[in-house]
Amino acid sequence: MATEMVMILVGFSTAFALTFLAAFIWAVKSGQFKDSTTPAMRMLVDDKE
Amino acid sequence: MNMDIPIPKPTDAVLHLQDSQNNDVRAAEQTHLNTHCHHCGEACAGASITTDDKVFCCEGCKFVYELLRDNNLCTYYDISAQSGVSFKGIVSDKRRSRFDYLDDVRTRERLLEFSNGTVAKTTFHLPQIHCSSCLWLLEKLHKLNDGVISSRVDFMHKEVSITFNPHQISLREVVELLTTIGYEPELHQQNVSDAPDKTLNGSQPNTTSLYLKIGIAGFAFGNTMVFSFPEYLSGVGELDPRLRMFFGMMSIALALPVLLYSASGYFQSSWQSLKQRHINLDVPIAIGILTLFLRSAFEIANGTTSGYLDSFTGLVFLLLCGKLFQQKTFDAIAFDRDYKSYFPIAVSVLRKTASGIQETTIPLSALGVGEHMIIRNNELIPADSVLESAVGHVDYSFVTGESAPVEVLSGNLIYAGGRVMGAALEMTSVKDVSQSYLTSLWNNEAFQKQPKSALEQVSDTFGAYFTVFVLALAGVAFLAWLPNVGAAVNAATAVLVIACPCAMTLAAPFALGWALKIFGTAGFYLKNTSTVLELTRINAIVFDKTGTLTNARTNRVQYNGQGMKPHEQEYLAAALRHSTHPLTRSIAAVMHYAAAPSLLTISDYEEIPSRGFQCRVEGHSMRVGSAEFVGSAMLQSRISSFKTAPHRLQAERLLSQSQHAQGAQVHIAIDGSYKGHFTINAEYRSGLRALFEKLRPKHNLYLLSGDNDAEHETLSDLFTDDRAMAFFQTPQDKLDCVRALQESGLSVAMVGDGLNDAGALRQSNVGIALAEERGTFSPACDAVMAADKLGRLSDFIGFAVYTRRVIIAAFWISVFYNIIGLTCAVMGLLSPLVSAILMPLSNATVIGFTTSATILGAKLRKISHSEN
């Protein structure tokens, strides 16, 4: 019984973790990792207007 | 002043302001001589222009300032100092037409990434991007023109993506707008003719896929570790077999994408190298990870263990992380190098000042379009230019490999990378300096001393030995266990799995990459990473004297002889401008000429290296050089026509005294009659004595001087041994001498200036060109050193040696881990837990050790001060 429980729970947690992986893949594909320097600089130079 | 800058859509405000400026301009011309331009931060030599109490070096800079001010964009100047891009040379209508091709429909389609009639998107490479102000201004393009919808900068790649409305602003107008504010896009011909945007197809998908590979490997690593933990904690056999099988299957499912996608690069690379009957370092890695996966799958299916898949995914994850880090480091180095001011190189230009035309030296980074340059014998042409002089010879061997000089006529276009032969040429630049072009020239294969870099050679040889060793050890382990086939396979595969050549894959690139970066911040620019290793092998250093040990700028120059008439002085000054020799340059620096020397015609210029030069100025023959050179010519050419004794006597006396001269002397003869000589007392660079004392214990020091031996005594102090010094050396002598030293088994570093010593620099194992003042860039050298850093040469060599020690230490760390791992493997004791701890730990230790040891070492040795 406990074994089955663990298997089901592991299945769920892995499926859940896979959604994070999917989110990461989406983030990379959409170019969020393309340039990590500019946003850091942009934040500092943005003016107050 | 003429103001015909093309403005895409000139606003009334701008035009109005231009009219009101003209009065201020004249008033200000006299006052601001040594101020810095408000826009580009460059020193304003001579005439400068003011507006709003701010000084500008040229109309271009002032114009950009006004454009920004009228659009309330002056924050540009507050973000970082010297933010502006130098805007030299006013763009004329003629230049404007060069963007005509952008109106062509096909070109436009290639450049546009997206267009639906009302919205179009394009990306440009702007090599001028260098600071946060650039970023700020380029993302405010929509304020300068309503047609621009938005613009985004990619700083590291120096790119800007612009979204605009093609009904309001055409692509050509976008390019012109960027050009107007000083950021002319780099529109390479191949860029326009090939793919829509080369940069997009080039580096980025690579990084993107690397991130994906790391992400997937990391995800699998984390989760397989969770599946492996129950067994590590409970011990083999305690776990419910069904659960173990389930965890094993889950691990395989997670590890499959890692094997097929994340690790694919290693298989491809080793397959490529095996096809060429060659073993590189990726081969043992590929064998290791493949064995690891197959054995794990087998054991899981068998139900023996839950496999080694956490080690497998962790190993791939860490290897890829190392790759990413390495790529980032090299990206940063490439960014610095492409930025023009990275190399300390300068160029001579003629500028109008209140007192007439003056020759000044400006850094190459400040050279703009429309600048009037003087490029001398053997100097490299930094930018595409139009020849102003009547006729000249240019050697394009760096560019085309063809060594015969090409004759160019006034008005002809001369390409960057050519070398001037003979008389100095005056030319007007028509394009910006391409620093990346100079860098690529430097990295040109023609100047590689070995077909492969030292590092590649070492690591490939190591890879081959390592593979052979591991396979042999696996074979031995197999045989040793043989009666028991199961244990034999077990031990052999364990050997293949645990052996990791990570010291070479990770340690060397990391340590050398950091060293290169640290040297760069200290004013010592190395061509590539293998130069660092080459530096550590040096045991002989050859110095040039003039301009290297002595400082050409602070020489004391004295004239002894008959007074020269004003016109003779002018002739001399005009002739001296053509020579690149440090001594004649020091004389030229103290000569004052009233008239513009460029108006005098120079012909038949001929320079004999290390002897002197001759030419005709306005038809008058001029000989400048050593006593021997000037004296013998006087005897030969005038002996028949000049029957008068005094001339002959003079010439003979000159020849006899040439052996015991005081200080370096440059003799002058005009129209065959001797005028006198300049004595140049060399000023030695500071810190030489300390440097030589530090270098002497480990290096043989030599001096090769093209000049006379007047400084013999002073130099004896430094070199101690008379045999280590040679005077009256021609460039060929120097090259031969370096070669002779190499043949006697020494590894030679040559320190000299890039022009007169080019041959010796190329012949030496490490050629270090000292850069001072002028365009002494020579692709033949392995390193460029800022002249004032010469005193630190021993520290630099010391740091290179230290870096090599770091690599060796990292190597031993890896050996240590491998011994533990291989011992376990051979004895058949390798368990999933041991491998899970050992493999990531060894990689992480090696990366952490090399990086921190290199940076810390640089700080302790005071090579880098501010670097992180």
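Residues numbered from 1 in each chain as written. Chains lettered and ligands numbered in written order. Predicted model: local features only at pLDDT ≥ 70, side-chain atom pairs only at ≥ 80, totals over all residues.

Focus: the overall build of chain B
Part 1 of the argument: What chain B contains, in helices and strands, is 32 helices and 28 strands.
Part 2 of the argument: Taking all 868 residues of chain B together, the buried fraction comes to 46%.
Part 3 of the argument: Counting contacts in chain B only where the partners sit at least 6 residues apart, residues at least 24 apart contribute 67% of the total. (Helix = DSSP H or I, 4+ residues; strand = E, 2+ residues; numbered from the N terminus. Buried ≥ 20, exposed ≤ 12 C-beta atoms within 10 Å, placed from the backbone. Contact = placed C-beta atoms within 7 Å.)

Side note on the overall build of chain A
Part 1 of the argument: Counting secondary structure elements, chain A contains 2 helices and 0 strands.
Part 2 of the argument: The 49 residues of chain A split such that 4% are buried.

Looking at the nonpolar core
Residues and elements named next belong to chain B.
Part 1 of the argument: Counting residues in each nonpolar core, the largest one holds 67 residues, and the members touching the most others are Ala511, Ala515, Val542, Met750, Ile768 and Ala783.
Part 2 of the argument: Non-local contacts of Ile768, meaning those with residues more than four positions away in its chain, are made with Ala749, Met750, Val751, Cys781, Ala783 and Met785.
Part 3 of the argument: One finds Leu309, Leu318, Ala494 and Ala499 within the second-largest nonpolar core, a separate group that totals 53 residues. (Core = buried A, V, L, I, M, F, W, Y, C linked by C-beta atoms within 7 Å.)

A closer look at helix α32 (residues 832-860) of chain B
Part 1 of the argument: Between its terminal C-alpha atoms α32(B) stretches 41 Å, which fits the 42 Å expected from 29 residues at 1.5 Å a residue.
Part 2 of the argument: Immediately beyond the C-terminal end of α32(B), within one or two residues, lies B:Lys862, with a positive phi of roughly 60 degrees. (Expected span 1.5 Å × (residues − 1).)

Looking at the sheet that holds strand β22 (residues 664-670) of chain B
All names here are of chain B.
Part 1 of the argument: Read across the open sheet, the 6 strands follow the order β18-β23-β22-β21-β20-β19; overall the sheet is antiparallel. Across the chains shown, the open sheet's two edge strands, defined by having one partner strand only, are β18 (556-561) and β19 (602-608). Each strand of the sheet is rotated relative to its neighbour by a mean of 15 degrees, with strand direction disregarded.
Part 2 of the argument: As defined by bridge partners, strand β20 (residues 612-617) adjoins strand β21 (residues 620-625) across 6 bridges and the pair is classed as antiparallel. Residue pairing in the sheet places Val617 in a bridge with His620 of β21. (Pairing = 2+ DSSP bridges. Axes fitted to C-alpha atoms, helices over the stretch in contact; angles between N-to-C directions.)

With respect to the interface of chain A and chain B
Part 1 of the argument: Taken residue by residue, the interface counts 20 residues in chain A and 21 residues in chain B.
Part 2 of the argument: Those elements that provide at least two residues to the side of chain A that touches chain B are α1 (2-29) and α2 (38-45) of chain A.
Part 3 of the argument: If you tally residues by element for the side of chain A that touches chain B, the top one is α1(A), at 10 residues.

What to know about the confidence of the model for chain B
Residue and element names in this part refer to chain B.
Part 1 of the argument: A residue-level look at chain B finds 74% of positions with pLDDT of 70 or above and a mean pLDDT of 74.
Part 2 of the argument: Averaged pLDDT values for the elements of chain B fall to 34 in helix α10 (residues 198-201) and rise to 89 in helix α12 (residues 241-262).
Part 3 of the argument: Taken together, the stretch residues 1-33 has pLDDT below 50 and engages in 46 contacts with residues farther than four places along the chain or on a different chain.
Part 4 of the argument: Scored below 50 in pLDDT, residues 638-643 shows 5 contacts in the model against residues more than four places distant or in partner chains.
Part 5 of the argument: Scoring the predicted complex yields pTM 0.65 and, for the interface, ipTM 0.90. (pLDDT = per-residue confidence, 0-100.)

Details of the pairing of strand β27 (residues 766-771) of chain B
On any regular strand, side chains alternate: one points to one face of the sheet, the next to the other face.
Residue and element names in this part refer to chain B.
Part 1 of the argument: Within β27, 6 of the 6 residues are buried, leaving the element largely enclosed by the surrounding structure.
Part 2 of the argument: Where strand β26 (residues 748-753) lies against β27, 5 bridges are found, and the strand directions are parallel. Paired with Ala749 across the two strands is Val766, which belongs to β27.
Part 3 of the argument: Here β27 pairs with strand β28 (residues 783-786) via 4 bridges, running parallel. Along β28, the bridge assignment pairs Leu770 with Met785.

Concerning the sheet that holds strand β14 (residues 419-421) of chain B
Residues and elements named next belong to chain B.
Part 1 of the argument: Taken in spatial order, the 3 strands line up as β12-β11-β14 in an open sheet, and their pairing is antiparallel. Edge positions in the open sheet fall to β12 (406-409) and β14, since each of these has one partner strand only. The sheet shows a mean angle of 45 degrees between the axes of neighbouring strands, taken without regard to direction.
Part 2 of the argument: When strand β11 (residues 391-395) meets β12, the two strands line up antiparallel, connected through 4 bridges. Bridge pairing links Val394 to Val406 in β12.

Things to note about the packing of helix α13 (residues 264-275) of chain B against helix α14 (residues 282-302) of chain B
All names here are of chain B.
Part 1 of the argument: Axis separation between α13 and α14 bottoms out at 8 Å; the angle between their running directions is 125 degrees. Viewed along their axes, α13 and α14 adopt a mutual orientation that is oblique. Handedness of the α13/α14 crossing: left-handed. Of the residues in α14, those touching α13 at Tyr266, Phe267, Ser269, Ser270, Ser273 and Leu274 are Asp282, Val283, Ile285, Ala286 and Ile289.
Part 2 of the argument: Partitioned by chemical class, the residues of the contact of α13 with α14 number 7 nonpolar, 3 polar and 1 charged. (Parallel < 35°, antiparallel > 145°, perpendicular 65-115°, else oblique. Left-handed = near helix turned anticlockwise from the far one by under 90°. Nonpolar A, V, L, I, M, F, W, Y, C, P; charged D, E, K, R; others polar.)

Regarding the environment of B:Ser852
Part 1 of the argument: Considering the arrangement of structural elements, one finds B:Ser852 in helix α32.
Part 2 of the argument: Taking C-alpha positions, B:Ser852 is 9.9 Å from B:Val806, a pair spaced 46 residues apart along the chain.

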